[in-house]
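A closer look at the structure
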Amino acid sequence: MNSEINNQLDNEEAVRTAQKSFHSRTVSRRKLLASLGITGAAAMLSGAILPVNSVRASVAHSVYGGGGPHSADNLTYKYETSLQGRSVGDRLRERVSVKDFGAVGDGVADDTASINAAIQNVSASGGGTLYVPRGTYNIAAAKTSNTAPGGVIMKSGVHLQFDSGAVFKAIPTGSMYYSIVSIIDCERVRISGAQLVGERYEHLDTQGEWGHGFLVMNSSQLTIVDTQIRDCWGDGLYIRSAAKITLVRIVSDNNRRQGMSLISCTDFRADHCIFQNTNGTDPQSGVDLEPNQATEEVRNVSFNACQFINNQGRGFVVGIRRGATCENIHLSDSVITGNRYESFRIAGRNNSIIRSITLTNVILDDFDIGLANEAAITNVALDRIECKSMVFRSVAHLLVTRTVLHSDTPSEVRSLEFNNVSDAVVRDAWILDSSSSGIGLVSGYNERITLDRVTIRNAAGHGIQANSTSAKQITIVNCEIKDSASSGIEGVSVDWIVSRNFLRNNRNLGIRLASTADHSIISENHCSGNASGDIVNDGAATNLIVNNMLV
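Here we summarise the structure given alongside this text. Model, not experiment: these values are computed from the prediction.

1. Describing the overall build of the protein chain
The helix and strand inventory of the protein chain stands at five helices and 45 strands. Looking at the protein chain as a whole, 52% of its 551 residues qualify as buried. Long-range contacts, defined as pairs at least 24 residues apart, comprise 64% of the intrachain contacts of the protein chain with a sequence gap of at least 6. Within the structure as shown, the protein chain displays about 22,800 Å² of accessible surface, and the carbon and sulfur contribution to it stands at 47%.

2. Section: the pairing of strand β26 (residues 344-348)
Regular strands show a simple pattern: their side chains alternate between the two faces of the sheet. In terms of burial, β26 is largely enclosed, as four of its five residues are buried. Relative to β26, strand β24 (residues 316-320) runs parallel, the two sharing five bridges. In the sheet register, Gly319 faces β26, and the bridge partner there is Ala347.

3. With respect to helix α5 (residues 112-124)
Note that an α-helix has 3.6 residues per turn; residues three or four places apart therefore point the same way. In a regular helix each residue adds 1.5 Å, so 13 residues correspond to 18 Å; α5 covers 18 Å between its end C-alpha atoms and thus fits that length. Within the span of α5, buried status applies to Thr112, Ser114, Ile115, Asn116, Ala118, Ile119 and Val122. Phi for Gly126, located one or two positions after α5, is positive at around 105 degrees.

4. Digging into the environment of Ser241
As for its position among the elements, Ser241 is in strand β17 (residues 235-253). In sequence terms Ser241 and Val298 are 57 residues apart; their C-alpha atoms lie 9.3 Å from each other. If near-sequence neighbours (up to four positions away) are discounted, Ser241 is found in contact with Met217, Asn218, Ser219 and Ser264.

5. Concerning the nonpolar core
It is characteristic of soluble globular proteins that their nonpolar side chains tend to be buried jointly. In this structure, Phe168, Phe303 and Phe392 are the most contacted members of the largest nonpolar core, which totals 117 residues. Considering each element in turn, this core owes the most residues, seven residues, to strand β31 (residues 416-432). Other than its neighbours up to four places away in sequence, Phe168 contacts Ile115, Val132, Tyr137, Ile139, Val152, Leu160, Phe162, Ile180, Val181, Gln195, Leu196 and Val197.

6. Focus: the pattern of salt bridges
Applying the stated criterion across every chain yields a total of 29 salt bridges. Residue Arg414 pairs with Glu417 through a salt bridge whose shortest N-O separation is 3.5 Å. Glu417 sits in the buried class, given a relative accessible area of 14%. The partner of Arg448 in a salt bridge is Asp423, with the nearest N and O atoms 2.7 Å apart. You can see Arg448 sitting in strand β33 (residues 446-457) and its partner Asp423 sitting in strand β31, a full 25 residues away along the chain.

7. A closer look at unusual backbone geometry
Pro283 follows Asp282 through a cis peptide bond whose omega is 10 degrees. Inspection of the secondary structure puts Pro283 in the loop between β20 (274-276) and β21 (285-289). One non-glycine residue, Gln284, lies in the positive phi region at around 60 degrees. With respect to the helices and strands, Gln284 occurs in the loop between β20 and β21.

8. Points about the packing of aromatic side chains
Two aromatic rings, taken as a pair, are described by how far apart their centres are and by the angle between their planes. A complete count under the given rule lists 13 aromatic pairs for this structure. Measuring from centroid to centroid gives 5.4 Å for Phe268 and Phe303, while their planes differ by 45 degrees, and the two rings are tilted. Placement of Phe268 in strand β19 (residues 265-271) and of Phe303 in strand β22 (residues 297-304) is noted, with a sequence separation of 35 residues between them. Ring centres 6.3 Å apart and planes at 75 degrees place the aromatic pair Phe275 and Phe303 in the edge-to-face group. One end of the pair, Phe275, is in strand β20; the other, Phe303, is in strand β22, with 28 residues separating them in the sequence. Each member of the pair Phe275 and Phe303 is classed as buried. Grouping aromatic residues by their ring pairs yields a cluster made of Phe268, Phe275, Phe303, Phe308, Phe316, Phe344, Phe367, Phe392 and Phe418. Looking at Arg95, its charged tip hangs above the ring of Tyr131, at a distance of 3.7 Å from the centre. Above the face of the Trp233 ring, Arg256 is positioned so that its terminal group lies 3.7 Å from the ring centre.

9. Topic: a nonpolar patch on the surface
A contiguous nonpolar surface patch, about 220 Å² in accessible area, is contributed by Ile497, Ile521 and Leu544. Residue placement: Ile521 occurs in strand β41 (residues 521-523). Under the relative-accessibility criterion, Ile521 is labelled partly exposed at 33%.

Conventions we followed
Residues numbered from 1 in each chain as written. Predicted model: local features only at pLDDT ≥ 70, side-chain atom pairs only at ≥ 80, totals over all residues. Heavy atoms only, no water. Helix = DSSP H or I, 4+ residues; strand = E, 2+ residues; numbered from the N terminus. Buried < 20%, exposed > 50% of the residue type's maximum accessible area, 1.4 Å probe, protein only. Contact = heavy atoms within 4.5 Å. Areas by Shrake-Rupley, 256 points an atom, 1.4 Å probe, with all protein chains shown as cover. Pairing = 2+ DSSP bridges. Expected span 1.5 Å × (residues − 1). Core = buried A, V, L, I, M, F, W, Y, C linked by side-chain atoms within 4.5 Å. Salt bridge = Lys/Arg side-chain N within 4 Å of Asp/Glu carboxyl O. Phe/Tyr/Trp six-rings, centres within 6.5 Å; stacked < 30°, edge-to-face > 60°. Lys NZ or Arg CZ within 6 Å of the ring centre and 35° of its normal. Patch = residues over 30% accessible without salt bridge, like charges linked within 9 Å, V, L, I, M, F, W, Y side chains within 5 Å.

Below you can see the structure in the form of structure tokens.
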């Protein structure tokens, strides 16, 4: 009992000493700590002093300033005697915590209101960093529509910095809509180190698909780094009407609808991100670029060193309609594998426009472009791609370079297939062990296509197979086609140039000109070991066949 009384007296003396220092307004850091002692210093930091009219002021007013003559803003200190003084309130504001505003982080309390109050305070004070200490913060994320704000509502100029082990967890709901973090009408927002966990396993209904980790709308200059989003009822990230978005080392895992949806966005970049294990309700893709209206555009988008893996839909989708536009989409140094359907698919319709798609040094299972209803895609460039198959439909201005296609499963799919393609070049490519023909020009109208330095080996069908009536102005030069189960080149038609190629050990013919072949040139080819003959002309006499070496 005596020791408790003595401690109380010591504390009261420390408080009186500190109160005397208010009148001098400026004290050195050493004198301040010495006057308070250990117990008094702890009392000051906990907010036990600085009374206002004998009533302890709120955290926002007394600790961070604005609480009258005895607030932290009116207490100054000097780090060293020779240095300029500054207020305690100014120093405390350098590291504002959500717990200063009442958040608990115990996995039981609803911390939504407290966190939103902290965000509002930091933004209203001109912006800065808001710290989220370790703990699980329950978030009431439910809302009334997909585009309404819900959960934690960010404000402009705020950096939400998570400690290791700090988690925002969505409170289970029966609502079709929720967002754990909403970034709407904001600019200059940064989020780092976050963990967002949805409630897909505790969801209280079976309807809807719009429970998102991040909802981003009408916002710009957003950066999210070192963040995990998982187990959401809808998308990990849903981004609409946004600009200047940067994601770095993001993992979007086991979300129900999409890893990420980009509805309309310009100047987007993702580096070292992973979009994986999406499953539950269609489309179930890793990333989906899906502008849906003529007013919606996705432009200047890049993914670098990213992974799109093990999704129950596709790995990466550009799916647009109703006159929407996707332009300048770039993937580099990335992996797209293990997805249930195509690794990379472009699907457009209803007068939609897709321009400038570039893939560089990407490993994927297959690549598919399929457009319909007057959609148009132009300027596709693929470099250093490794995959099993590629299908191009309704494409103009296509360049494929330094690419390896290697089929390891029987699927009766041509490794490289063209359908309504014009002005295309395939150069320095290897097509190995095709389960059907190596290259197909059999569907739609294909014209002005060049194959240069392409190696085709062990195709289960023809090396190159063409439709005799619709593949025109095809150039095949400097290629090697060998060991095909049928002919090396089948179906040469109108205005072809086939020159300086090696055709060896194909089990039918080396080259066959179709009955429709006209004004084609077959020259300087080296043919040997083809089982049924080297060059057969079933077409017109106007075809020029000269200077070939037949062994």
